[in-house]
Amino acid sequence: MTCPSCGATVAVPRLGELARLQTAAPRQATVARAWTAAHACLLGGAAVAALAGAAAFFFTTAPVSVMDEATIRRAVAEAPARDVFQAWLSLSRSGVARPALPEEERLQKIAQSSGQIAVVLKAVAAIGALVAATAAFVAWSRSAAGAS
């Protein structure tokens, strides 16, 4: 038979002669590493640790103040001198203790809840990281044992 691209003549055995040909040595197939439970735990633990850590960071942000200093200064500058004097007299006669405003109480409750949620999320992130580290060690030890 003649090769159409290079023009070389190649001997092709007939169908009956194929049984007499020498068989090639079998090649060792490369073993693809299977996805194991250790790999799944590594991925899952790392994902849980990353997501819980990011959420914990979100919940640990400081709450916004009810009134900022610029607003107070602007109100004092715009108020009549008599009102400012009356407010000063009232403040100078009273102590520093005062009941919290409803908005301040709400912000305090939110800050406490956020702090508690952040602690729980940090614990979940730590557990996820521990699972991922353990799974990585198991996967590494199995691959090291398989390579020996």
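Since we're looking at a predicted model, the values are computed, not measured.

I would appreciate a short explanation of the overall build of the protein in the present structure.
Summing up its helical and strand segments, the protein has 4 helices and 0 strands in all. Starting at the N terminus and ending at the C terminus, the protein contains elements arranged as α-α-α-α. Relative to the compact-globule value of 15 Å for 148 residues, the protein shows a C-alpha radius of gyration of 38 Å, a clear excess of over 25%. For the protein, the C-alpha atoms occupy an extent of roughly 120 × 40 × 20 Å along the three principal directions. Put simply, of all contacts in the protein between residues at least 6 apart along the chain, 80% involve residues at least 24 apart. For the protein, the accessible area works out to roughly 12500 Å², and carbon and sulfur atoms hold 66% of it.

Just to check I follow, could you spell out the pattern of salt bridges for this structure?
Oppositely charged side chains may form a pair once their charged atoms are brought near each other. Applying the stated criterion across every chain, the model contains 2 salt bridges. Here Arg73 ties to Glu69 by a salt bridge, and the two come within 2.8 Å at their closest N and O atoms. Pair noted here: Arg73 and Glu69 are both in helix H2 (residues 69–78), with a separation of 4 residues, about one helical turn. Owing to a relative accessible area of 57%, Arg73 belongs among the exposed residues under this scheme.

Please explain the packing of aromatic side chains as it appears in this structure.
What characterises a pair of aromatic rings is the spacing of the ring centres plus the angle enclosed by the ring planes. Per the stated rule, a full pass over the model turns up 3 aromatic pairs. Where Phe137 meets Trp140, the ring centres are 6.1 Å apart and the plane angle is 35°; that geometry is what we call tilted. One end of the pair, Phe137, and the other, Trp140, are both in helix H4 (residues 102–147), 3 residues apart, so they sit about a helical turn from each other. Assessed through its relative accessible area of 54%, Phe137 is described here as exposed.

Which parts of the structure should I look at to understand the confidence of the model for the protein?
Interpretation of this model should avoid reading the predicted coordinates in detail wherever pLDDT is low. Averaged over all residues, the pLDDT of the protein is 84; the fraction at 70 or higher stands at 91%. The weakest mean pLDDT in the protein belongs to H2 at 86; the strongest belongs to helix H1 (residues 37–59) at 91.

Explain a nonpolar patch on the surface here, please?
On the surface, Met1, Val10 and Val12 cluster together into a nonpolar patch covering about 320 Å² of accessible area. Its place among the elements puts Met1 in the segment before H1.

Conventions used here
- Residue numbers here run from 1 along each chain, matching the order of that chain's written sequence.
- Thresholds applied to this predicted model are a pLDDT of at least 70 for local features of residues and 80 or more for the giving and counting of side-chain atom pairs; totals over whole chains, interfaces and linings are not thresholded and use all residues.
- The basis for every side-chain value is the complete set of heavy atoms in the structure, and neither hydrogens nor water enter the calculation.
- Strands are runs of DSSP state E lasting at least two residues, helices are runs of H or I lasting at least four, and both sets are numbered from the N terminus onward.
- Within these notes, the globule rule equals 2.2 Å times the number of residues to the 0.38 power, and the radius of gyration is based on C-alpha atoms.
- A contact between two residues is defined here by any heavy atoms of the two lying within 4.5 Å.
- Computed with the Shrake-Rupley method and a 1.4 Å probe, the accessible areas treat only the protein chains shown as cover for residues.
- Any carboxyl oxygen of Asp or Glu within 4 Å of a side-chain nitrogen of Lys or Arg constitutes a salt bridge here.
- Buried residues are those whose accessible area, probed at 1.4 Å on protein chains only, stays under 20% of the maximum for their type, while exposed residues exceed 50% and partly exposed ones sit between those limits.
- Pairing of aromatic side chains here covers Phe, Tyr and the six-membered ring of Trp, requires ring centres within 6.5 Å, and sorts the geometry by plane angle: under 30 degrees stacked, over 60 edge-to-face, intermediate tilted.
- pLDDT measures how confident the predictor is about each residue, on a scale from 0 to 100.
- What goes into a patch is any residue over 30% in relative accessible area without a salt bridge, connected to like charges within 9 Å or, for nonpolar side chains (Val, Leu, Ile, Met, Phe, Trp, Tyr), within 5 Å.

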